[in-house]
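Single-letter residue listing:
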Amino acid sequence: MFSAASRIISYKAPQAARHLYPGSATSSLRQQIRSVFIQTLDTPNPESLKFVPSGVPVLKSDDEDINGFYVTKNDPINEILRSPLAKKLFDVEGVKAVYLGADFVTVTKFAEKKWKLLRPQIFEVLMSWADTGKPALLDKPEVTDTTILEDDDEVVAMIKELIEARIRPAVQEDGGDIRYVDYAEDTGLVTVELAGSCVGCPSSSVTLKQGVENMLMHYIPEITGVQALENEETLDINSDSSSGDGSQKSYEARLAAAGIPFSE
């Protein structure tokens with residue numbers, strides 16, 4: 001049985017400001033700023049909290065797992081990828097397990113982590129998911145360029161993990177993206193593809209080499225270099241570069257701010 005204690009959260013676009021109101025689920029202090037509230041309920045387990053988004057079903061009525069979907073951080077990646085929402089929650093450091101119910105999400109943390117630090121981040125993930133309208137659970141795992149597949153060796157898995165967790169977030173802050181394409185084991189060369197604002201950016205050739213390449217080589221000794229998949233637009237930009245190193249692309253300021261190794 002859950003405790004009657006609960007907290008109500010509301011967000012204000014676009015900053016998604018958080019306001020916590022103590023009281024029961026019937027508290028009159030609710031202030032609807034968006035159409036979705038996220039209520040938290042204590043559970044008998046102090047390491048778990050139940051998050052209830054109002055008016056937003058977590059599992060669709062036709063989901064085969066309507067009775068619930070449970071996944072832990074240590075489960076096989078294909079199982080985690082069945083739930084894009086769970087995957088995003090696991091990006092919050094300290095989240096140990098996620099359970100999706102018909103109209104709620106239960107998040108379990110590691111014992112040494114504090115809810116006062118985790119709760120705001122979890123709220124952000126849940127609100128972002130609710131805003132997209134995308135399903136919390138897929139019939140099949142969501143496969144992307146950085147999905148770690150069963151036949152990926154250790155080097156490829158590490159490359160994908162670094163791109164997804166460290167490099168991509170920094171690049172996306174500038175309106176671009178970077179995607180894993182290939183790793184040539186015989187040469188140690190990693191090929192990536194640039195997207196968004198990164199395509200044709202005059203400074204991209206400098207930062208790919210000094211940011212992305214340095215980071216991957218720092219953590220993975222087998223890597224000898226990083227190159228960008230060329231297209232017509234990037235070739236036009238690089239033809240005006242005096243460096244002649246047209247295959248190298250990168251992002252200096254954001255990567256440096258993210259703590260990615262950088263050198264002249």
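For every chain, the first residue of the written sequence is number 1, and numbering continues from 1 along that sequence. Local features are withheld for residues below a pLDDT of 70 in this predicted model, meaning they are given only at 70 or higher, and side-chain atom pairs are given and counted only at 80 or more; totals for whole chains, interfaces and linings count all residues. Only hydrogens and water are removed before side-chain values are computed, so all heavy atoms of the structure are retained for them.

A. Quick look at the pattern of salt bridges. Criterion for a salt bridge: a side-chain nitrogen of Lys or Arg within 4 Å of a carboxyl oxygen of Asp or Glu. Following the criterion strictly, the structure yields eight salt bridges and no others. Between Lys 160 and Asp 152 there is a salt bridge, with the nearest N and O atoms lying 2.7 Å from each other. Residue Lys 160 is classed as buried on the basis of its relative accessible area, which comes to 5%. In this structure, Asp 177 engages Arg 168 in a salt bridge whose closest nitrogen and oxygen atoms are separated by 2.8 Å. Note on classification: 1.4 Å probe, protein chains only; a residue is buried when its accessible area is under 20% of the maximum for its type, exposed when over 50%, partly exposed between these limits. A relative accessible area of 15% means that Asp 177 is categorised as buried. Classification of Arg 168 by relative accessible area gives buried; the value is 8%. Overlapping salt bridges bring together Lys 87, Asp 145, Glu 164, Arg 168, Asp 177 and Arg 179 as one network.

B. Region of the structure containing the pairing of strand 6 (residues 95-100). Whether two strands pair depends on DSSP finding at least two bridges between them. In this description a helix means any DSSP run of H or I spanning at least four residues, a strand means any run of E spanning at least two, and both kinds are numbered starting from the N terminus. Here strand 5 (residues 69-72) runs beside strand 6; their pairing, made up of four bridges, is antiparallel. Within strand 6, the position partnered with Tyr 70 by the bridge is Tyr 99. When strand 6 meets strand 7 (residues 105-109), the two strands line up antiparallel, connected through five bridges. By the bridge assignment, Leu 100 is partnered in strand 7 with Val 105. In textbook terms, the turn of a hairpin is the stretch between consecutive antiparallel strands, and for strand 6 and strand 7 this stretch comprises four residues.

C. Region of interest: the pairing of strand 7. Taking burial as the measure, the five residues of strand 7 include five buried ones, the bulk of the element. Taking every second residue as pointing to the same face, both faces of strand 7 are buried, with Val 105, Val 107 and Lys 109 on one and Thr 106 and Thr 108 on the other. Where strand 4 (residues 48-53) meets strand 7, four bridges bridge the pair, whose relative direction is antiparallel. Bridge pairing in strand 7 links Leu 49 to Val 107.

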